[in-house]
Amino acid sequence: MVLYVLVAVITVLLGLLVNNRCIVRGNMVSRQQILNGLCLVSVFLLLFAVSACRLNVGNDYAKYVEFMHLVHCDAFVPTECGFNWIVKVIYGLSGFENYLLVFAFFAFFTIMLFLIAIYQQADSFAFSFFLFMAFGYYFQSFNTVRYYLALAIAVVAIPYVLRREWLKFILLVVLGATLHKSILVVIPLYFLASLNWKKWQLGIAGLFCSTFFFMQDFYLRVVVFLYPTYEDTEYLEGGTSLVNIARCLAVLILSLICYKKVVRDSRRNRFYFYCNLGALVMYVCCSFLPIISRIGYYLTITHIFFLPALLEGIENKKIKKLFTAGVVGAAILYFTVFILMKAGNDGLRILPYETFMFHDMVPILSDVN
């Protein structure tokens, strides 16, 4: 736990030194650009080292090692082709079942893509990166490594949505789908969030969402059709998060307060607004769907950009400071609860932290059999 807190504090402090809106003048390299580069490289190396050096950290770590073993043996696995190819190439180049290098590969690109996305898209790198760490996205990437790399790809693809470059967006999403096919949901979701909705259209959408309450069996059959491996498993039990609902509701209230000034005439902020609204609807209406949080995260990840944009649009300095303090305090509280109460649970199991330098890998299913 101490390690995670230190990593979060050190990287956030380094992030405070980054100015992603510094002006580039011709071919001149400014002192700020050099500082940006040094800080970003330092943040990346620290996050990558912690992620890449872990061993059996994450509730599905051993399951992934088993999947990699089966891929190496040309046996059936439920993972996507992109993941399987990566495993085959790394195992082939290594000459042995080098699962540590596979996890390092995913950590490298996941962290790199998130940092690139935050640097390019955030109004304030420091604030957005702080929210990224405080909301636990980095630490949760220790689990379901395929999904979090796909999530990073989805975030990188957002500018293509805002610029209406749909072909580039779809191609990038399809690439991500070779790692985790859940990313395909962002094609309709991000398209819908990019529209400038009228009130009557929102009314029709509300009527459609009401069908989730009395057509649950139909939607579950659709999910099983798309994910056959979910049939007759605990994944169909569904469930939602009151914390995520509260967070989306709080963001919605703040965005409605700032709507005319910040959201209404900004294509980017409207997109974030509808992403948050869509996530709220999903968490409330679709709790019966399996792993609804995975779909919701594709939408709530925009909070790291939306919240700083909303706060920046508040003109009254006293109110702005008050709201900023409230957001920072809520994020720190979220992080504290996450580390103290959730990190060691079976659903995450990122505590205690172990590394291959001092610990041995537990036997996987194939070893036991």
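Everything that follows concerns the structure shown earlier in this document.
Residues numbered from 1 in each chain as written. Predicted model: local features only at pLDDT ≥ 70, side-chain atom pairs only at ≥ 80, totals over all residues. Heavy atoms only, no water.

Per the stated rule, a full pass over the model turns up one cavity of 30 Å³ or more. When its volume is computed, the largest cavity comes out at roughly 60 Å³. If you go around the largest cavity, the residues you meet are Ser51, Arg54, Phe103, Phe106, Ala107, Thr110, Ile111, Ser141, Val145 and Tyr148. Counting residues per element, the ones that place at least two in the lining of the largest cavity are α5 (99-121) and α8 (145-162). Considering every element that reaches the lining of the largest cavity, the biggest residue donor is α5, with five residues. For the lining of the largest cavity, the per-class residue count stands at six nonpolar, three polar and one charged. (1 Å grid on protein atoms, 1.4 Å probe; cavity = no way out; pocket = protein on both sides within 12 Å on 5 of 7 lines; lining within 4 Å. Points joined across faces, edges and corners; volume = space filled by probe spheres on them. Helix = DSSP H or I, 4+ residues; strand = E, 2+ residues; numbered from the N terminus. Nonpolar A, V, L, I, M, F, W, Y, C, P; charged D, E, K, R; others polar.)

With that settled, the discussion passes to the side chain of Ser51. Its place among the elements puts Ser51 in helix α2 (residues 31-52). Those residues within four positions of Ser51 in sequence are excluded, and the remaining contacts are Ala107, Ile111, Tyr138 and Phe142. (Contact = heavy atoms within 4.5 Å.)

What follows is about unusual backbone geometry. That bond from Leu351 to Pro352 is cis: its omega, 0 degrees, falls within 30 degrees of zero. By secondary structure assignment, the location of Pro352 is in the loop between α19 (317-342) and α20 (365-368). Not every positive phi belongs to a glycine, and Asp74 is a case in point at roughly 60 degrees. Position of Asp74 relative to the elements: it lies in the loop between α3 (61-72) and α4 (81-94). Judged by relative accessible area, Asp74 falls into the exposed class, the value being 61%. The backbone of Arg349 shows a phi angle near 55 degrees, a positive value even though the residue is not glycine. (Buried < 20%, exposed > 50% of the residue type's maximum accessible area, 1.4 Å probe, protein only.)

Our focus in this paragraph is the pattern of salt bridges. On inspection of all chains with the given rule, the structure shows eight salt bridges. It is possible to trace a salt-bridge network through shared partners that takes in Arg163, Glu165 and Lys168. (Salt bridge = Lys/Arg side-chain N within 4 Å of Asp/Glu carboxyl O.)

With that settled, consider the packing of aromatic side chains. For any pair of aromatic rings, the description rests on two quantities: the centre-to-centre distance and the angle between the ring planes. Per the counting criterion, the structure on display carries 39 aromatic pairs. For the ring pair Tyr4 and Phe139, a centre distance of 4.9 Å and an interplane angle of 50 degrees mean the geometry is tilted. On the criterion of sequence distance, the pair formed by Tyr4 in helix α1 (residues 2-15) and Phe139 in helix α7 (residues 137-140) is long-range, its members being 135 residues apart. On the basis of relative accessibility, which here comes to 0%, the residue Tyr4 falls in the buried class. In this structure an aromatic cluster arises from ring pairing among Phe44, Phe48, Tyr61, Tyr64, Phe67, Phe83, Tyr99, Phe103, Phe105, Phe106, Phe108 and Phe109. If you follow Arg247 out to its NZ or CZ, it ends over the ring of Tyr334, 5.7 Å from the centre. (Phe/Tyr/Trp six-rings, centres within 6.5 Å; stacked < 30°, edge-to-face > 60°. Lys NZ or Arg CZ within 6 Å of the ring centre and 35° of its normal.)

Formed by 118 residues in total, the largest nonpolar core has its most connected members in Phe129, Met133, Tyr138 and Tyr190. Broken down by element, this core gets its largest block of residues, 14 residues, from α8. (Core = buried A, V, L, I, M, F, W, Y, C linked by side-chain atoms within 4.5 Å.)

Let us now look at the environment of Tyr147. Following the sequence through the fold, Tyr147 ends up in helix α8. A residue is classified by how much of its surface remains accessible, and Tyr147, at 2% relative accessible area, is buried. Placed 35 residues apart in sequence, Tyr147 and Ser182 show a C-alpha to C-alpha distance of 7.7 Å.

Here we come to the packing of helix α18 (residues 303-312) against α19. Where α18 meets α19, the closest approach of the two axes is 9 Å, and the angle between their N-to-C directions is 160 degrees. By the angle between their directions, the pair α18 and α19 is classed as roughly antiparallel. The crossing of α18 and α19 is left-handed. Where α18 approaches α19, its residues Leu307, Leu311 and Glu312 are matched on the opposing element by Lys320, Phe323, Thr324 and Val327. Considering only residue class, the contact of α18 with α19 consists of four nonpolar, one polar and two charged. (Axes fitted to C-alpha atoms, helices over the stretch in contact; angles between N-to-C directions. Parallel < 35°, antiparallel > 145°, perpendicular 65-115°, else oblique. Left-handed = near helix turned anticlockwise from the far one by under 90°.)

A contiguous nonpolar surface patch, about 850 Å² in accessible area, is contributed by Met1, Val5, Val9, Leu13, Leu16, Leu333, Val337, Leu340 and Met341. Sorting the residues of the nonpolar patch by element identifies α1 and α19 as the ones contributing at least two each. In terms of residues, the nonpolar patch owes the most to one element, α19, which gives four residues. By secondary structure assignment, the location of Val337 is in helix α19. (Patch = residues over 30% accessible without salt bridge, like charges linked within 9 Å, V, L, I, M, F, W, Y side chains within 5 Å. Areas by Shrake-Rupley, 256 points an atom, 1.4 Å probe, with all protein chains shown as cover.)

These figures come from the coordinates and say nothing about function on their own.
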